[in-house]
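One letter stands for each residue in the lines below.
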Amino acid sequence: MTDPLTVLTRRSLLAGGLALTLASSAHAATPVIRIGYQRYSTLVILKASGALEKALAGRANVVWSEFVAGPQLLQALVAGALDLGQTGDAPPVFASAASPDALVYVGHEPPAPLAEAILVPKDSSIRTLADLKGKRIALNRASNVHWFLLQVLHKAGLSFHDIKPAYLTPPSARSAFESGQIDAWAIWDPYLSSALSNSPRILTTAQDIVANREFFLARRGFAESQPDLLREALHQIAQTDDWAQVHKPEVSQLLATQTGLPYDTVYSAIKTRDFGYAAMSADILREQQQVADGFLKEGLLPSHVDIGSTVWK
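Rules and cut-offs
- Residues numbered from 1 in each chain as written.
- Predicted model: local features only at pLDDT ≥ 70, side-chain atom pairs only at ≥ 80, totals over all residues.
- Heavy atoms only, no water.
- Pairing = 2+ DSSP bridges.
- Helix = DSSP H or I, 4+ residues; strand = E, 2+ residues; numbered from the N terminus.
- Axes fitted to C-alpha atoms, helices over the stretch in contact; angles between N-to-C directions.
- Contact = heavy atoms within 4.5 Å.
- pLDDT = per-residue confidence, 0-100.
- 1 Å grid on protein atoms, 1.4 Å probe; cavity = no way out; pocket = protein on both sides within 12 Å on 5 of 7 lines; lining within 4 Å.
- Points joined across faces, edges and corners; volume = space filled by probe spheres on them.
- Nonpolar A, V, L, I, M, F, W, Y, C, P; charged D, E, K, R; others polar.
- Parallel < 35°, antiparallel > 145°, perpendicular 65-115°, else oblique.
- Left-handed = near helix turned anticlockwise from the far one by under 90°.
- Buried < 20%, exposed > 50% of the residue type's maximum accessible area, 1.4 Å probe, protein only.
- Arc of directions from axis to C-beta.

Pairing is mixed in the open sheet, where five strands are placed in the order S2-S1-S3-S10-S4. Two strands close off the open sheet at either side, each with one partner strand: strand S2 (61-66) and strand S4 (103-111). Taken pair by pair, the neighbouring strands of this sheet meet at an average axis angle of 20°, ignoring direction. Inspection of the sheet shows strand S1 (residues 32-37) paired to S2 by six bridges, in the parallel sense. Bridge assignment links glycine 36 to a residue of S2, and that residue is serine 65. Sitting on the sheet, helix H13 (residues 282-297) touches S4 and strand S10 (213-219), and the angle it makes with S10 is about 95°.

Following the sequence through the fold, alanine 223 ends up in helix H9 (residues 220-225). A C-alpha to C-alpha distance of 9.0 Å links alanine 223 and valine 106, two positions 117 residues apart in sequence. Ignoring sequence-local partners within four residues, the contact set of alanine 223 consists of Val104, Ala218, Leu230 and Trp312.

Turning next to the confidence of the model for the protein chain. Considering every residue of the protein chain, the mean pLDDT works out to 91; 91% of them sit at 70 or more. Taken together, the stretch residues 1-26 has pLDDT below 50 and engages in one contact with residues farther than four places along the chain or on a different chain.

Now for unusual backbone geometry. A negative phi angle is the norm for most residues apart from glycine, just as the trans form is the norm for most peptide bonds. Cis geometry is found at the peptide bond from aspartate 189 to proline 190, where omega equals 10°. With respect to the helices, strands and loops of the structure, proline 190 is situated in the loop between strand S8 (184-188) and helix H8 (191-195). The backbone of aspartate 208 shows a phi angle near 65°, a positive value even though the residue is not glycine. Note on placement: aspartate 208 falls in the loop between strand S9 (201-205) and S10.

Right, let's get into the sheet that holds strand S5 (residues 116-120). Spatial ordering of the open sheet is given by S7-S6-S8-S5-S9, a layout of five strands whose pairing is mixed. Looking at the sheet topology across the chains shown, the edges are occupied by strand S7 (164-167) and S9. Adjacent strand axes in the sheet meet at a mean angle of 25° when their direction is disregarded. Bridge count for S5 against S9 is four bridges, and the pairing is antiparallel. When the sheet's bridge partners are listed, isoleucine 118 is paired in S9 with threonine 204. Packed onto the sheet, helix H7 (residues 170-178) meets S5, strand S6 (136-139) and S8 and runs at close to 145° relative to S8.

What follows is about empty space enclosed by the protein. The final tally for this structure, using the stated rule, is three cavities of 30 Å³ or more. Roughly 120 Å³ of volume is contained in the largest cavity. Class assignment of the residues belonging to the lining of the largest cavity gives a composition of six nonpolar, seven polar and three charged.

All right, on to the packing of helix H11 (residues 248-259) against helix H12 (residues 263-270) then. Closest axis-to-axis distance for the H11/H12 pair is 8 Å, and the angle between their directions is 130°. The orientation of H11 with respect to H12, classified from their angle, is oblique. Like other packed secondary-structure pairs, H11 and H12 cross with a definite hand, here right-handed. Contacts between H11 and H12 pair Lys248, Pro249, Val251, Ser252, Gln253, Leu255, Ala256 and Thr259 from the former with Tyr263, Val266, Tyr267 and Ile270 from the latter. The residue makeup of the contact of H11 with H12, split by class, is eight nonpolar, three polar and one charged.

Note on helix geometry: an α-helix contains 3.6 residues per turn, so any two residues three or four positions apart are oriented the same way. Taken as a whole, H7 has its buried residues at Pro170, Ala173, Ala176 and Phe177. Taken end-on, H7 shows its buried residues confined to a sector of 125°, consistent with a single buried face. At its buried positions, H7 is contacted by S5, S6, S8 and H8. Looking at the residues trailing H7, positive phi occurs at glycine 180, about 80°.

As structure tokens, then:
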């Protein structure tokens, strides 16, 4: 005869196992939105606020991953490791050329032309844009400064083939710049603000050269399968930007903490910068198409990119 206690124990174990299985299945079925961010962006502010987690409580989990630059972030998005991210103008162009159906534009920020510049050593013989000819210039390939540098060269009557590009990530570029291994450095904030502490000379900012606009990009598969989650994320981004626009001292304090830069350095950059999420418009699509066509004409892009086909509708 089977011991009743044994039967009870088996039943309890089976019931417990079933409960664990159901709980695990429920947990596994919870949607996840994976967001890639850089240290100096709206998404950093959103992450710190916890507003998206509160808005999605009980509906989805949020996972954040930090990246050193836009191209690296979009590599992860194209590979399926991210669902949403924020980058400058050039990264999505290169990403779309390599993987045409991988991402979609879901919004943009206002221009920030003072947030990127070309730096030269303070005692450099480079005094004009034309002096960049033949010089070794560091930049992060396929980043916003790639487009900026190309337009700087065109303004001076030069092409990309007239310089010696050194494709380096910002940390590596700073080391090379400060050790004299390169002649100039095309860079953006917060790395720009950080580098200025060592008193290099600004050859030019992007003012009156390029817009330097940031874009929000989503993995196409995520946008199509989880449109409600994406809409909520974009709503929270818009709310965050509205708050940031009228709370620049608080934003500066947060970004100073994130980057390790002095508050005054960050505030000096942030006070001239505008925040504000907007959906993609015909004018912005044309502006971004000019970026894609410009890279293609220069021979820096492997194929034509149709920006209009990469917009979430």
